[in-house]
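# Architecture and fold: a report
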Amino acid sequence: MKSLVQRGCGLILAIALGLLAVPNTAAEPVTFKSASPYQLAELIGTARPSYDLAINADLVSPDVIKNAMPAFVFMHGSGGKLLRHLQYLDVARALGFVTLQIDSFGSRGVSSTVGNQRNVTAAMMTIDLLRALEFLTSQPNVDPSRIIVMGSSKGAIAALYATWSPIRRKVVGAIDYAAYLLLYPLCVAIEDGNVTSNSVHVFI
């Protein structure tokens, strides 16, 4: 766990310093099923939630493919998928991670929430992150115990909400991200403190 967290923090540092310049690799388009609750309480209060919304994502493996590789999930912010996000993914692959870039907006017919944050809520993006975690645990070359998530801005809020144990257990049971990397999230608190025991790093 410690080495994985160190690699995650090293990823942040490498990007910030611009030390690595790895060409973007062609992605494999994949889909997984999610849901669109306006608030997390809606899904928590549903006895048997249905996941019938197809979420698009780009799955890319590093140049050297091994068994049981770590994985890196990236969630965009209010501006949607941006070209500069590719650098995070390229650096992650250079460090040996399989990468998954989620498109929570395009999958719902939205390009941005800058003008209206209600078009796609952080709760919807949180469910997408948790369903992405479940998707990756089913991939044959991914180590399910070494999947980390990075969220940017609104995506960081979604990742923060994914640390809340009641929603995570409701959606994916006992599995959890190995580490959470949050880039400038909104300053909010999870009042009951019932959160993951894994590492959470906030960069703000």
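Here the structure is a predicted model, which means the values were calculated and not measured.

## Considerations on unusual backbone geometry
Positive phi, close to 55 degrees, is recorded for S153, a residue that is not glycine. Mapped onto the fold, S153 is located in the loop between β5 (142-152) and α5 (154-162). In this structure S153 comes out as partly exposed when scored by relative accessible area, which is 27%. With a phi close to 40 degrees, Y184 is a non-glycine residue in the positive phi region. Position of Y184 relative to the elements: it lies in the loop between β6 (179-183) and β7 (199-203).

## Things to note about the packing of aromatic side chains
One pass over the structure, following the stated rule, counts 4 aromatic pairs. Judged by centre distance (5.6 Å) and plane angle (70 degrees), the ring pair of Y177 and Y180 falls under edge-to-face. A residue is classified by how much of its surface remains accessible, and Y177, at 0% relative accessible area, is buried. Of the residues examined, Y180 reaches a relative accessible area of 0% and is grouped as buried. Cation over ring: R131 sits above Y51, and NZ or CZ is 4.0 Å from the ring centre.

## Description of the pattern of salt bridges
Scanning the model with the defined rule gives 5 salt bridges in all. For R108, the salt bridge identified is with D128, shortest N-O distance 2.8 Å. Here R108 is found in the loop between β4 (98-103) and α4 (122-137), whereas its partner D128 is found in helix α4, with 20 residues between them in sequence. Under the relative-accessibility criterion, R108 is labelled buried at 17%.

## A look at the environment of S107
Examined against the element boundaries, S107 turns out to sit in the loop between β4 and α4. Given a relative accessible area of 15%, S107 falls into the buried group. C-alpha separation for the pair S107 and A54, spaced 53 residues apart in sequence, amounts to 6.9 Å. Among residues more than four places away in sequence, those in contact with S107 are L53, A54, I55 and N56. Looking at S107, its side chain comes within polar contact range of the main-chain oxygen of D103, at 2.7 Å.

## Let's talk about the packing of α4 against α5
Axis separation between α4 and α5 bottoms out at 8 Å; the angle between their running directions is 65 degrees. Relative to α5, the crossing made by α4 is right-handed. Mapping the contact onto sequence places A122, M125, T126, L129 and L130 in α4 and K154, G155, I157, A158, A159, Y161 and A162 in α5. Of the residues in the contact of α4 with α5, the class split is 9 nonpolar, 2 polar and 1 charged.

Thresholds, definitions, all that
Here the residue numbers are simple positions, counted from 1 along each chain's written sequence. It should be noted that, the model being predicted, local features are given only for residues of pLDDT at least 70 and side-chain atom pairs only at 80 or more, the latter also being counted only at that level, while totals for whole chains, interfaces and linings use all residues. With hydrogens and water stripped out, all remaining heavy atoms of the structure feed into the side-chain values. Strands here are runs of E lasting at least two residues and helices are runs of H or I lasting at least four, both read from the DSSP assignment and numbered beginning at the N terminus. Between buried and exposed lies partly exposed: a residue is buried under 20% and exposed over 50% of the maximum accessible area for its type, with that area taken using a 1.4 Å probe on protein chains only. Any pair of Phe, Tyr and Trp rings, taking the six-membered ring for Trp, is counted once the centres come within 6.5 Å. Such a pair is stacked with planes under 30 degrees apart, edge-to-face with planes over 60 apart, and tilted for the rest. Should the NZ of a Lys or the CZ of an Arg lie within 6 Å of a ring centre and within 35 degrees of the ring normal, that charge is described as sitting over the ring. Within this document, salt bridges are pairs made up of a side-chain nitrogen of Lys or Arg and a carboxyl oxygen of Asp or Glu, the two lying within 4 Å of each other. Contacts are assigned to residue pairs with any non-hydrogen atoms lying within 4.5 Å of each other. Each polar contact in these results corresponds to two N or O atoms within 3.5 Å; when the atoms are within protein, one needs to be able to donate a hydrogen and the other to accept it, and residues that are neighboring in sequence are counted only if both atoms are side-chain atoms. Here an axis means a line fitted to C-alpha atoms, over the contact stretch when the element is a helix, while the angle between two N-to-C directions is reported on a 0 to 180 degree scale. Whether a crossing is left-handed or right-handed is set by the direction in which the near helix is turned from the far one by less than a right angle, anticlockwise for left-handed and clockwise for right-handed. Under the scheme applied, nonpolar residues are Ala, Val, Leu, Ile, Met, Phe, Trp, Tyr, Cys and Pro; charged residues are Asp, Glu, Lys and Arg; polar residues are all the others, including Gly.

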